[in-house]
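Architecture at a glance
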Amino acid sequence: MADVVMLYSDVSLVDLHGLPMMITKAFSAFGDVVESKIINDRETGRSRGFGFVTFADEQSMRDTIEGMNE
């Protein structure tokens with residue numbers, strides 16, 4: 001079973017082209033990333049400022065939380 005970390009960011013000021021790939025690359029330093037997804041507003045198509053990263057295992061998820069909070 002995959003484990004998911006929810007991430008928050010003010011991405012409204014960032015060009016979102018390629019952002020999921022950049023997120024995958026950044027989070028891969030902590031473990032095997034299965035998927036990364038930025039959540040968009042249904043009506044406007046703009047980012048809502050958060051997303052999800054899915055890891056292959058729980059330890060990768062925990063390592064990410066610990067590593068990103070340092």
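Residues numbered from 1 in each chain as written. Predicted model: local features only at pLDDT ≥ 70, side-chain atom pairs only at ≥ 80, totals over all residues. Heavy atoms only, no water.

Per an unreviewed UniProt entry, the protein carries the name RRM domain-containing protein and comes from Papaver somniferum.

**Here's the deal with the nonpolar core**
The test is simple: The set of buried Ala, Val, Leu, Ile, Met, Phe, Trp, Tyr and Cys residues whose side-chain atoms join them within 4.5 Å is what this entry labels a nonpolar core. Partly exposed describes any residue whose relative accessible area lies between the buried limit of under 20% and the exposed limit of over 50%, with all areas from a 1.4 Å probe on protein chains only and scaled to the type maximum. Numbering of helices and strands runs from the N terminus; a helix is a DSSP stretch of H or I covering at least four residues, while a strand is a stretch of E covering at least two.
Grouped together as the largest cluster of nonpolar side chains are 7 residues: I23, F27, V33, I38, V53, F55 and M61. For this core, the elements supplying multiple residues, two or more each, are α1 (19-27), β2 (33-40) and β3 (47-55).

**Notes on the environment of T54**
Tracing the backbone through its elements, the reader meets T54 in strand β3. With relative accessibility at 11%, the residue T54 sits in the buried group. For the pair formed by T54 and E35, sequence separation is 19 residues and the distance between their alpha carbons is 5.1 Å.

**Looking at the environment of I39**
What counts here: The contact rule is simple, with two residues in contact once any of their heavy atoms fall within 4.5 Å.
Examined against the element boundaries, I39 turns out to sit in strand β2. Through-space distance from the C-alpha of I39 to that of G51 is 5.2 Å; in sequence the pair is 12 residues apart. Excluding residues within four positions of it along the chain, I39 makes contact with R46, S47, R48, G49, F50, G51 and F52.

**Concerning the pairing of β2**
Every other side chain in a regular strand lies on the same face of the sheet, so the side chains alternate between the two faces. As a reminder, the rule being used: By definition, two strands form a pair when at least two bridges between them are found by DSSP.
In terms of strand pairing, β2 meets β3 through 6 bridges, oriented antiparallel. From the neighbouring strand, K37 faces β3, where its bridge partner is F52. In textbook terms, the turn of a hairpin is the stretch between consecutive antiparallel strands, and for β2 and β3 this stretch comprises 6 residues, one of which, G45, has a positive phi near 80 degrees.

**Details of the pattern of salt bridges**
The cut-off we apply is this: A side-chain nitrogen of Lys or Arg and a carboxyl oxygen of Asp or Glu constitute a salt bridge if their distance falls within 4 Å.
According to the stated counting rule, one finds 1 salt bridge in the structure shown. The residue E58 makes a salt bridge to R62 at a minimum N-O spacing of 2.3 Å. Residue E58 and its partner R62 are both found in helix α2 (residues 58-68); the two are separated by 4 residues, about one turn of the helix. On the basis of relative accessibility, which here comes to 46%, the residue R62 falls in the partly exposed class.

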